[in-house]
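Listed below, chain by chain, are the residues.
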Amino acid sequence: MQKLLQLFRAAIRGDEYDYTSGSIKKAIVMLSIPMVLEMAMESLFALVDAYFVAKVSPDAVATVGLTEAVITLVYAIAIGISTAPVAMIARYIGQKDQANASRVAKQAIYMAIGVSFILGIPGVIYAEDILRMMGGSEALIASGKNYTKLLFGSNAVIMLLFLLNGIFRGAGDAAYAMRALWLANGINIILDPIFIHGFGPIPAMGVTGAAVATTIGRGIGVAFQLYILFGGRGTIQLRTGGWQLDWGILKRLGRIASSGAMQYIIASASWVFLMRIVSKFGSEAVAGYTIAIRLIIFTLLPAWGLSNATATLVGQNLGAKEPDRAIRSVKLAAMMAGVFLGLISIVYLLFAPHLILFFDDTPAVLEAGTTALKIFALGYTLYGFGMIFSQAFNGAGDTRTPMIINIISFWIVEIPLGYYLGLYLGHGVAGVTWAIIIAEMVLTALAFILFRRGGWLKTEV
């Protein structure tokens, strides 16, 4: 027990560790603890945000659900872009080439800023049309348009928060990534009730207040990240020269990031289409489905943290010419994720109504949320396996393989099946949720088969 506590403290402090030698289990723990805590805070914020917004009205929850179904595309691009610096920086760190790793980080920042402008402008201009496209009522659009405009207009902080944390993770500085998200989302949690319900001189802004709190919190998180990177405290150094555009590095980043972004856009776009289907069943169904999704994210993101640790280990060990060690890291991480999510699925199956009731006691919301949560739980372990194998490909710089897997699983299987089961056969929210489970089964099977073939081990970045 004493050794475990010491290891936990070392991981939280961010003690230096060579992830290309020694115990693989210790390497996974050292990386995954801060990454799990990082993602746990992100998912906790999502739950807290849903809790306070639910106190406004079902339309407010539906606004968040419909907007996030689209803004998730921004998250997808941000996460997808971050796969490129993670893969390239991890390879250079594995080769003990810190100078080139820092050079990649600088070019990645340029790329993220440019993309954020391209996404932000149309998002602000067409906010009302986005909500209308997603099936929102005119009343919902009137009350929620400012929420949507603010989130799209401030997407640069979302983009940079994900990208800079990707830089930290690729370098093995997972503790800094954890602290950045804890700071950003801790501030979000404090500011949420203040801006949503009002406090002192601050007026109640309703659902718009949730976007204000999010923007302020994430902006402060980005400021902290830049302070670390420019302050010379981490592995990656930005205060040195070399800020001129390097088209060679940008081209390499773009090659990995383009399929990386498409990989996540494909997955996120499927959620947009599914949310559009769910919106046909009314605001209460959207609200219940959204709450169930938030609960799933709450426990899924820690497993996502474990998969991020896998990507770092794969990249650094391939850089160090240790492919066998990379393979063993993936297998061990998959086993850990499967056990964790298997235990959580039991909790959801047993206590789904009580968990939904905590957020909303509207009968129709409770019914839809409980149904979705129980079905999600049946395939929960599969999510973990699929995430680990996909991140193994990403860590190697092979973002094309998971992109193709996602096309098959989400666009060929999930979307048509969601429409068929949910609308055509009339199974409603249950039908849509079953489509997600079946698509995840396909994804996990394909990812495992391609992982076993080993082509990802030969990827050049």
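Scroll up a little and you will see the structure.
Residues numbered from 1 in each chain as written. Predicted model: local features only at pLDDT ≥ 70, side-chain atom pairs only at ≥ 80, totals over all residues. Heavy atoms only, no water.

Draft legend 1. Quick look at empty space enclosed by the protein. As enumerated under the stated definition, the model contains three cavities of 30 Å³ or more in all. Along the wall of the second largest cavity there are 19 residues; nearest its centre are I79, S82, R169, N308 and Q391. Where the lining of the second largest cavity is concerned, the elements lending two or more residues are α2 (24-54), α3 (58-94), α7 (155-171), α11 (283-319) and α14 (380-395). Partitioning the lining of the second largest cavity into residue classes produces nine nonpolar, eight polar and two charged. (1 Å grid on protein atoms, 1.4 Å probe; cavity = no way out; pocket = protein on both sides within 12 Å on 5 of 7 lines; lining within 4 Å. Points joined across faces, edges and corners; volume = space filled by probe spheres on them. Helix = DSSP H or I, 4+ residues; strand = E, 2+ residues; numbered from the N terminus. Nonpolar A, V, L, I, M, F, W, Y, C, P; charged D, E, K, R; others polar.)

Draft legend 2. Just the layout of surface pockets, in detail. If you add up the space inside the largest pocket, you get close to 530 Å³. Lining the largest pocket we find 27 residues, and of these E16, Y17, A171, D173 and T235 sit closest to its centre. Of all the secondary structure elements, the ones that give two or more residues to the lining of the largest pocket are α1 (2-13), α2 and α8 (174-197). The element that contributes the greatest number of residues to the lining of the largest pocket is α8, accounting for four residues. Across the lining of the largest pocket, the residue classes tally to eleven nonpolar, seven polar and nine charged. If you add up the space inside the second largest pocket, you get close to 220 Å³. As for the second largest pocket, its lining consists of F8, V29, S32, I33, V36, L37, P302, A303, L306, M336, A337 and F340. Put simply, the parts of the chain that give the lining of the second largest pocket at least two residues each are α2, α11 and α12 (323-359). The element contributing the most residues to the lining of the second largest pocket is α2, with five residues.

Draft legend 3. Representation of the side chain of D398. Relative to the assigned elements, D398 resides in the loop between α14 and α15 (400-424). No salt bridge forms around the buried D398; measuring N to O, its nearest opposite-charge neighbour R400 is 6.6 Å away. (Buried < 20%, exposed > 50% of the residue type's maximum accessible area, 1.4 Å probe, protein only. Lys, Arg positive; Asp, Glu negative; His and termini not counted. Salt bridge = Lys/Arg side-chain N within 4 Å of Asp/Glu carboxyl O.)

Draft legend 4. Spatial organisation of α12. End to end, α12 covers just 46 Å across 37 residues, shorter than the expected 54 Å (1.5 Å per residue, more than 12% under). Of all the bends in α12, the largest measures some 80° and sits at F351, one to four residues before the proline P353. (Expected span 1.5 Å × (residues − 1). Bend = angle between axes of the 7 residues up to and from the residue.)

Draft legend 5. Geometry of the packing of α12 against α14. The geometry of α12 relative to α14 is characterised by a closest axis approach of 7 Å and an angle of 155° between their N-to-C directions. Classified by the angle their axes make, α12 and α14 are roughly antiparallel. Two packed elements cross with a definite hand, and for α12 against α14 that hand is right-handed. Note on element contacts: α14 touches α12 through Y380, T381, Y383, G384, F385, I388, F389 and A392, opposite V330, A333, A334, A337, G338, L341, G342, I344, S345 and Y348. (Axes fitted to C-alpha atoms, helices over the stretch in contact; angles between N-to-C directions. Parallel < 35°, antiparallel > 145°, perpendicular 65-115°, else oblique. Left-handed = near helix turned anticlockwise from the far one by under 90°. Contact = heavy atoms within 4.5 Å.)

Draft legend 6. Main features of a nonpolar patch on the surface. Taken together, the side chains of M335, V339, L343, I346, V347, L350 and F351 present a nonpolar region at the surface, about 690 Å² in accessible area. In this fold, M335 is placed in helix α12. Taking the relative accessible area as the measure of exposure, M335 reaches 52% and is therefore exposed. (Patch = residues over 30% accessible without salt bridge, like charges linked within 9 Å, V, L, I, M, F, W, Y side chains within 5 Å. Areas by Shrake-Rupley, 256 points an atom, 1.4 Å probe, with all protein chains shown as cover.)

Draft legend 7. Representation of helix α10 (residues 247-278) in the model. Between its first and last C-alpha atoms α10 spans 44 Å; for 32 residues at 1.5 Å apiece the expected length is 46 Å, and the two agree. Between the side-chain oxygen at the start of α10 and the backbone nitrogen of G248 there is a gap of 3.1 Å, and the oxygen is on D246. (Polar contact = N/O pair within 3.5 Å; in protein donor to acceptor, adjacent residues only side chain to side chain.)

Draft legend 8. The arrangement of the environment of I125 in detail. With respect to the helices and strands, I125 occurs in helix α4 (residues 98-125). Classification of I125 by relative accessible area gives exposed; the value is 54%.

Draft legend 9. Spotlight on the nonpolar core. In terms of nonpolar packing, the biggest core is built from 101 residues, with I89, I167, I236 and Y289 touching the most fellow members. No other element matches the 17 residues that α3 contributes to this core. For Y289, the residues in contact, after removing those within four places along its chain, are W271, L274, M275, V278, A372, F376, V429, V432, T433 and I436. Of all hydrophobic cores here, the second largest spans 40 residues; its members include A267, A333, F389 and F410. (Core = buried A, V, L, I, M, F, W, Y, C linked by side-chain atoms within 4.5 Å.)

Draft legend 10. Layout of the packing of helix α13 (residues 363-378) against helix α16 (residues 428-453). Relative to each other, α13 and α16 sit at 20°, their axes nearing to 9 Å. Regarding the angle of α13 to α16, the classification is roughly parallel. For the element pair α13 and α16, the recorded crossing hand is right-handed. Here α13 contributes A368, T371, A372, I375, F376 and L378 to the contact with α16, which in turn contributes V429, A430, T433, W434, I436 and I437. Along the lines of polarity and charge, the residues of the contact of α13 with α16 split into ten nonpolar, two polar and no charged.

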